[in-house]
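# Summary of structural features
Below are the chains, spelled out letter by letter.
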Amino acid sequence: MANEKILVINPGSTSTKIAVYQADEQQWVESIAHSMDDLKNYPTIYDQLDMRKELIMACLAKHGDKLDSLGAIVGRGGALPPVKTGAYEVNEKMVDTLRYHPVDQHASNLGAGIAYSLAQEIGVKAYIYDAITVDEMTEVNKITGLKGVRVPAKGHNLNTRAAALKLCADKGIDYNKVNIIVAHLGGGITVNLHSNGQIIDFFNDEIGTFAPERAGGLPTYALVDLCYSGEYTKEEMMKKLQRKGGIASYLGTADMREVEQMVVDGNEEAALLFEAMALNTAKTIARIAPSVDGKVDYIVLTGGLAYSDMFVDSIKKHVGFVGPIEVIPGENEMKALAEGTLRVMRGQEKARIYE
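An account of the accompanying structure is given in this report. Just so it is clear, the model here is predicted, and its values are computed rather than measured.

### Side note on the overall build of the chain
- The number of helices and strands found in the chain is 13 helices and twelve strands.
- Radius of gyration (C-alpha) of the chain: 21 Å, near the 20 Å computed for a compact globule of 355 residues.
- Judged by the C-alpha coordinates and their principal axes, the chain covers about 55 × 50 × 45 Å.
- In the chain, which comprises 355 residues, the share counted as buried stands at 51%.
- Nonlocal contacts in the chain, meaning residues at least 24 apart in sequence, comprise 68% of its contacts between residues at least 6 apart.
- Per element, the accessible surface of the chain, about 17,100 Å² overall, is 50% carbon and sulfur.
- When the 37 basic and 47 acidic side-chain charges of the chain are each reduced to a single mean position, those positions are 4 Å apart.

### Some remarks on the pairing of strand 3 (residues 25-33)
- In this structure, strand 2 (residues 15-22) lies alongside strand 3, joined through eight bridges in antiparallel fashion. Along strand 3, the bridge assignment pairs Lys 17 with Ser 31.

### Re the sheet that holds strand 8 (residues 189-195)
- Reading across the sheet, the five strands line up as 9-8-7-10-11 and stay open at both edges, with mixed pairing between neighbours. A strand with exactly one partner marks an edge of an open sheet, and here the two such strands are strand 9 (198-203) and strand 11 (325-329). Geometrically, the sheet is characterised by an average inter-axis angle of 20 degrees between neighbouring strands, direction not taken into account.
- Direction of pairing for strand 7 (residues 179-185) relative to strand 8: antiparallel, over a ladder of seven bridges. Paired with His 184 across the bridge in strand 8 is Thr 190.
- Packed on one face of the sheet, helix 6 (residues 157-171) meets strand 7, strand 8, strand 9, strand 10 (298-303) and strand 11 and runs near 130 degrees to strand 7.
- Along the sheet, helix 11 (residues 268-288) contacts strand 7, strand 8, strand 9 and strand 10; its crossing angle with strand 8, the most-contacted strand, is approximately 25 degrees.

### Examining the pairing of strand 2
- Inspection of the sheet shows strand 1 (residues 5-11) paired to strand 2 by seven bridges, in the antiparallel sense. Counterpart to Leu 7 in the pairing with strand 2 is Val 20.
- The turn linking strand 2 back onto strand 3 is made up of two residues, and Ala 23 within it adopts a positive phi angle of 55 degrees.

### Considerations on the environment of Pro 212
- With respect to the helices and strands, Pro 212 occurs in the loop between strand 9 and helix 7 (220-227).
- Separated by 31 residues in the primary sequence, Pro 212 and Arg 243 have C-alpha atoms spaced 8.8 Å apart.
- Residues in contact with Pro 212, not counting those within four places in the same chain, are Gly 186, Gly 187, Gly 245, Gly 246, Ile 247, Ala 248, Ala 254, Met 256, Met 277 and Leu 305.

### So, the packing of aromatic side chains
- In total, this model carries one aromatic pair according to the counting rule given.
- Measuring from ring centre to ring centre gives 5.6 Å for Phe 274 and Phe 311, while their planes differ by 80 degrees; the resulting arrangement is edge-to-face. Of the two residues, Phe 274 sits in helix 11 while Phe 311 sits in helix 12 (residues 309-319), which places them 37 residues apart along the sequence.
- Note that Arg 287 overlies the ring of Phe 203, its terminal NZ or CZ placed 4.2 Å from the centroid.

### Considering the side chain of Glu 136
- Within the secondary structure, Glu 136 sits in the loop between strand 6 (125-129) and helix 5 (139-142).
- Despite being buried, Glu 136 has no salt bridge partner; Arg 352 is the closest side chain of opposite charge, sitting 4.7 Å away.
- A distance of 3.0 Å separates the side chain of Glu 136 from the side chain of Thr 85, its partner in a polar contact.
- Discounting chain neighbours no more than four positions away, the residues touching Glu 136 are Lys 84, Thr 85, Gly 197, Gln 198, Ile 199 and Ile 200.

### Focus on the sheet that holds strand 5 (residues 87-89)
- Spatially, 3-2-1-4-6-5-12 is the arrangement adopted by the seven strands of the open sheet, whose pairing is mixed. The outermost strands of the open sheet, each flanked by one partner alone, are strand 3 and strand 12 (352-353).
- Strand contacts of helix 4 (residues 109-122): strand 1, strand 4 (72-76) and strand 6, with the helix running at about 165 degrees to strand 4, the strand carrying the most contacts.

Each value, and the rule that gives it
Residues numbered from 1 in each chain as written. Predicted model: local features only at pLDDT ≥ 70, side-chain atom pairs only at ≥ 80, totals over all residues. Heavy atoms only, no water. Helix = DSSP H or I, 4+ residues; strand = E, 2+ residues; numbered from the N terminus. Rg over C-alpha atoms; globule rule 2.2 N^0.38 Å. Buried < 20%, exposed > 50% of the residue type's maximum accessible area, 1.4 Å probe, protein only. Contact = heavy atoms within 4.5 Å. Areas by Shrake-Rupley, 256 points an atom, 1.4 Å probe, with all protein chains shown as cover. Lys, Arg positive; Asp, Glu negative; His and termini not counted. Charge placed at Lys NZ, Arg CZ, Asp CG, Glu CD. Pairing = 2+ DSSP bridges. Axes fitted to C-alpha atoms, helices over the stretch in contact; angles between N-to-C directions. Phe/Tyr/Trp six-rings, centres within 6.5 Å; stacked < 30°, edge-to-face > 60°. Lys NZ or Arg CZ within 6 Å of the ring centre and 35° of its normal. Salt bridge = Lys/Arg side-chain N within 4 Å of Asp/Glu carboxyl O. Polar contact = N/O pair within 3.5 Å; in protein donor to acceptor, adjacent residues only side chain to side chain.

Next comes the structure, spelled out in structure tokens:
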């Protein structure tokens, strides 16, 4: 039997989350924190590779796991040029692309490089799975009203596809033969459409609903006025849209547990905003359904906010007419990476070669 012990590596901006799985069972998970003082000595994200790799090795040793006990290593897929869903075997070309020509500077760009470097030391394969730049959108869904600007596919591909695959496994249905809308409910909210095994349409937090931290789609004329008001630099505007937008811009917090408690305590503004975000999420779900002519088999709600019964119930009330709704809460990225790799190791899925 093949060695099904898998190391999962998920680099974030201020942490590196790692886990070891034996087949589909998590043995342990740990988040290695990186302070701003630690990171300030590295001019680029990729310069952090050796530092993070050494910390991962130390963490493995702490848990009593030797590097050569692993059967495969998987890293979070970074900002590559558009790729397909599923597994890719990491090669030199992928590592070079993420180092020298990434689509965006993102900590996940380190995932493939660290996995590849460790895998080379012990002679096993390294993989990525459902990278953040998966783009299988149909051409008609990419069109906007301004030439040169297209609908972005970037978003929570890993968790949304894992949720869709779990639903299919639980229901005994073929992922390649159904239409499933998946809404990832977190600090940002994204909605995508899985049709016959591909993610054919996508509303991310640039054009979809506002969220706890994200401003979402905004009236463009007012946004242009704000950008040219002279009050903000580009960096300040991006932070305003990405980290200080949405609920946070109104209430000063993006912690929806706090917001929900405000609603329970009778805060009328919080109640209005809570309902507006749920309604906007429902509108975004309904907005994507025409891409399959309304023939929606299931709607899946996932992400951390899917644990909120109050939020989920409000969404269900508004959009239940589109299709049956299933709730698969949590951000299951580590498990999704491990399970995707396991399918490749068992021959249930073939890894693509990055070219």
